[in-house]
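Inside the fold
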Amino acid sequence: MRLYAVVAAGGFRRYATYRIATAAGVFTNTVFGFILAYTYMALWDERPQLGGYDMSQALTYVWLGQALLATCAMMGGGFEDELMERIRTGDVAIDLYRPVDLQMWWLAGDLGRAAYQLMARGIAPMVLGALVFPLALPTSPGIWLAYLVSVTLGVVVSFAVRYLVALSAFWLMDGAGASQIAFLAGLFFSGMLLPLTLFPGLLGEVARALPWSALLQVPADVFLGKHTGWGLVEAFAFQGGWALALLLAGRLVQSVATRRVVVQGG
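Residues numbered from 1 in each chain as written. Predicted model: local features only at pLDDT ≥ 70, side-chain atom pairs only at ≥ 80, totals over all residues. Heavy atoms only, no water.

1. Considerations on the packing of aromatic side chains
Convention followed: Pairs were defined over the aromatic rings of Phe, Tyr and Trp, the Trp ring being its six-membered one, requiring ring centres within 6.5 Å. Orientation was assigned from the angle between planes: stacked under 30 degrees, edge-to-face over 60, tilted for the rest. Counting from the N terminus, the helices are DSSP H or I runs at least four residues long and the strands are E runs at least two residues long. Burial classes follow relative accessibility: with a 1.4 Å probe on protein chains only, a residue under 20% of its type's maximum area counts as buried, one over 50% as exposed, and anything between as partly exposed.
In total, this model carries 17 aromatic pairs according to the counting rule given. Aromatic side chains Y38 and F133 sit 5.3 Å apart centroid to centroid with 70° between the ring planes, which places their arrangement in the edge-to-face category. Of this pair, Y38 sits in helix α2 (residues 19-46) while F133 is found in the loop between α6 (102-132) and α7 (141-167), placing the two residues 95 residues apart along the sequence. Of the residues examined, F133 reaches a relative accessible area of 5% and is grouped as buried. Consider the rings of F79 and Y163, whose centres lie 6.4 Å apart with planes at 40°: the pair is tilted. Here F79 is found in the loop between α3 (55-71) and α4 (80-89), whereas its partner Y163 is found in helix α7, with 84 residues between them in sequence. Aromatic ring contacts, followed pair by pair, group F34, Y38, W63 and F133 into a single cluster.

2. So, the side chain of R162
We apply this condition: By the criterion applied in these results, polar contacts are pairs of N or O atoms within 3.5 Å in which, for protein atoms, one can donate a hydrogen and the other can accept it, and in which residues neighboring in sequence qualify only through two side-chain atoms. Contacts between residues were defined by any pair of non-hydrogen atoms, one from each residue, lying within 4.5 Å.
With respect to the helices and strands, R162 occurs in helix α7. Among the residues examined, R162 registers a relative accessible area of 6% and is labelled buried. A polar contact is formed between the side chain of R162 and the side chain of D110, at a distance of 2.6 Å. Ignoring any residue separated from it by four or fewer positions in sequence, one finds R162 in contact with C72, A73, G78, F79, E80, D110, R113 and V155.

3. Quick word on the pattern of salt bridges
Defined as follows: Definition used for salt bridges: Asp or Glu carboxyl oxygen within 4 Å of a side-chain nitrogen of Lys or Arg.
Within this structure, the stated rule accounts for six salt bridges. In this structure, E82 and R14 form a salt bridge, with 3.1 Å as the shortest nitrogen-oxygen distance. One end of the pair, E82, is in helix α4; the other, R14, is in helix α1 (residues 2-16), with 68 residues separating them in the sequence. Exposure remark for E82: the relative accessible area of 32% places this residue in the partly exposed category. Overall, R14 belongs to the partly exposed group, its relative accessible area being 42%.

4. Overview of the confidence of the model for the protein chain
What counts, and what does not: Residue-level confidence of the predictor is summarised by pLDDT, bounded by 0 at the bottom and 100 at the top.
Across the protein chain, the average pLDDT comes to 89, with 97% of residues at or above 70. Mean pLDDT across the elements of the protein chain ranges from a minimum in helix α5 (residues 92-97), with 80, to a maximum in helix α10 (residues 217-223), with 96.

5. What about the environment of G109?
Within the secondary structure, G109 sits in helix α6. As a C-alpha pair, G109 and A8 span 101 residues in sequence and 4.5 Å in three-dimensional space. Each residue touching G109, except ones within four places of it in the same chain, is listed here: V7, A8 and G11.

6. Overview of the packing of α3 against α6
To characterise two packed helices, one gives the angle between the axes of the helices and the distance between these axes. The following threshold applies: Every axis corresponds to a line fitted to the C-alpha atoms, with the helix fit spanning only the stretch in contact, and the corresponding angles, defined between N-to-C directions, vary from 0 to 180 degrees. The labels follow the angle: roughly parallel below 35 degrees, roughly antiparallel above 145, roughly perpendicular from 65 to 115, and oblique for the rest. Handedness of a crossing follows from how the near helix is turned relative to the far one, being left-handed for an anticlockwise turn of less than a right angle and right-handed for a clockwise one. Polar here means any residue other than Ala, Val, Leu, Ile, Met, Phe, Trp, Tyr, Cys and Pro, which are nonpolar, and Asp, Glu, Lys and Arg, which are charged; Gly is therefore polar.
Contact geometry of α3 with α6 gives a least axis separation of 7 Å together with a crossing angle of 155°. Comparing their axes, α6 and α3 come out roughly antiparallel. Crossing handedness for the pair α3 and α6: right-handed. Contacts between α3 and α6 involve T60, W63, L64, Q66, A67, L68, A70 and T71 from the former and R113, A114, Q117, L118, R121, G122, P125, M126 and G129 from the latter. A per-class count over the contact of α3 with α6 returns nine nonpolar, six polar and two charged.

7. Overview of the nonpolar core
This is how it is decided: Throughout, nonpolar core names a set of buried Ala, Val, Leu, Ile, Met, Phe, Trp, Tyr and Cys residues whose side chains join them through atoms within 4.5 Å.
Judged by nonpolar contacts, the single largest core of 64 residues is most densely connected at M74, L83 and Y163. Secondary structure elements with two or more residues in this core: α2, α3, α4, α6, α7, α8 (176-189), α10 and α11 (230-265). With 12 residues, α7 is the largest single contributor of residues to this core.

8. Considerations on α4
Turn by turn, an α-helix covers 3.6 residues, leaving residues three or four places apart pointing in a common direction. So the rule is basically this: Taking the helix axis as origin, the arc is that swept by the directions to the C-beta atoms.
All of the buried residues along α4 are E80, L83, M84 and I87. Buried residues of α4 fall within an arc of 100° about the axis and therefore sit on the same side. One or two steps after α4, the chain reaches G90, where phi turns positive at roughly 90°.

In structure tokens form, the structure reads like this:
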């Protein structure tokens, strides 16, 4: 475990070196936060309590989305491009022979990346949003702790999805198509564009049941106090269940790909 802690710390330091990119990201998140906030204000003026949120909760949801956009890599930009390139060039064969677990190695690095993005690109836009708009910020330390747990689970789910996408490069000539599909699905089904509680009928039920809802919708509802008591346990179980299922799926695909590499290498 010490090795993976070092890898996570390395992931944090790696992204911390891109200070100009971080500043640009904060600026972009803030601008889009203001655009979405005023759009939501117009919408909620016409339909108060839309989706079960009042105005302040809806505005808070906007800024939580901007804080978690890079943290959960909803638009990509994590490890997946590098891993797909290593698969394409064959360098992944070296990784598979190393005395470390391939999935855990990349997960540790992605957790370090997510921690940096949450601190560097998450806090500043949220603070600026709170200075301008009446956000519904929790007063209980327990809710803040539950939110951090939910965000961590969301990051793991995000990693597991992107890991499966990256492994598709073992069979595809180019993983860009799979990445684009995952990126679009992540934006739509995470609730980044609109809260999933606004989706009607069967579409809403399906959207809330998919793994991408664990990236934003669930953490946002935890932050807003929508999940308490047993409901909070169920929210964690939903995220943890998807994380476990997707990680196991990634391990299975990795095992099949490893055998393929060994056979071709032999």
